[in-house]
Amino acid sequence: MTKIDKLAWIRMEQGRVLCVRSKGKNLYYLPGGKRDDGETDAEALCREIEEELSVRLKPETIAFFGTFEAQADGKAAGITVAMSCYTADFDGRLRPASEIEEMAWLSYEERERVSLAGRIVFDRLRENNRI
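We now turn to the structure provided with this report. Note that the structure is a prediction, hence the values are computed from the model and not measured.

Considerations on the state of the cysteines
Per the stated rule, a full pass over the model turns up 0 disulfides. Its sulfur unpaired, C46 is 15 Å from the next cysteine sulfur, which belongs to C85. Residue class for C46 comes out buried when judged on its relative accessible area of 17%. Of the cysteine sulfurs around C85, a residue in no disulfide, the closest is that of C19, at 11 Å.

Structure follows, in structure tokens:
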């Protein structure tokens, strides 16, 4: 069994969660990505978010939210993604960049538009009365 290790940023505003969609994909996911060799979670998350959304996370505000695992979208059965999620404040104006075609603020009721791992995060946020 193969596990894909990813990092994700959870940003909520007015009961909605910031999600992104890559070019050529249908499902949305939480912004983030994979670590480069030698990077800490915080370093990788800051780099990925700046690449995808053109903003700088404030490293001193990064807080671990949880790790969530699910079948990886578009991959063979048994290939899972383990997504370590963090919250953080940011500087700048959010706008899609790099491989990101679209960003959207999705409500809990729209969670079916999100990857399987993202849906688990939405459920946890709902359980914690955050959305």
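Picking up where we left off.
With respect to the pairing of strand β3 (residues 16-22)
Across the 7 residues that make up β3, a large majority, 6, are buried. Examined bridge by bridge, strand β2 (residues 12-13) and β3 share 2 bridges and lie antiparallel to one another. In the sheet register, E13 faces β3, and the bridge partner there is R16.

A word on the sheet that holds strand β7 (residues 80-87)
With mixed pairing, the 4 strands of this open sheet are ordered in space as β4-β1-β7-β6. Sheet topology places β4 (32-33) and β6 (63-71) at the edges, where each strand pairs with a single neighbour. Strands β1 (3-10), β4 and β7 of the sheet are contacted by helix α1 (residues 41-53), whose axis makes an angle of about 70° with β1. Sheet strands touched by helix α2 (residues 116-127): β1, β6 and β7. Its angle to β6, the strand with the most contacts, is close to 135°.

Notes on the environment of E112
Mapped onto the fold, E112 is located in the loop between β9 (100-106) and α2. Counting along the chain gives 49 residues from E112 to A63, while the straight-line C-alpha distance between them is 26 Å.

Here we look at the sheet that holds β3
Paired through their backbone hydrogen bonds, the strands of a sheet run either parallel or antiparallel. On the basis of which strands lie adjacent, the open sheet formed by 3 strands has the order β2-β3-β9 and antiparallel pairing. Taken across any chain shown, the strands that pair with only one partner, and hence form the sheet edges, are β2 and β9.

Structural notes on the pattern of salt bridges
Tallied over the entire structure, the rule returns 20 salt bridges. Notably, a salt bridge pairs E13 with R11, separated by 3.4 Å at the nearest N-O pair. What makes R11 buried here is its relative accessible area of 18%. With its nearest N and O atoms 2.9 Å apart, the salt bridge here joins R111 to D123. Note that R111 is positioned in the loop between β9 and α2 and D123 in helix α2, a separation of 12 residues in sequence. Assessed through its relative accessible area of 22%, D123 is described here as partly exposed. Salt bridges sharing partners connect three or more residues here, namely D36, E39, R47, E48 and E51.

Cut-off values and rules
- Residues numbered from 1 in each chain as written.
- Predicted model: local features only at pLDDT ≥ 70, side-chain atom pairs only at ≥ 80, totals over all residues.
- Heavy atoms only, no water.
- Disulfide = S-S within 2.5 Å.
- Buried < 20%, exposed > 50% of the residue type's maximum accessible area, 1.4 Å probe, protein only.
- Helix = DSSP H or I, 4+ residues; strand = E, 2+ residues; numbered from the N terminus.
- Pairing = 2+ DSSP bridges.
- Contact = heavy atoms within 4.5 Å.
- Axes fitted to C-alpha atoms, helices over the stretch in contact; angles between N-to-C directions.
- Salt bridge = Lys/Arg side-chain N within 4 Å of Asp/Glu carboxyl O.

Such coordinate-based values are descriptive only and should not be taken to indicate function.
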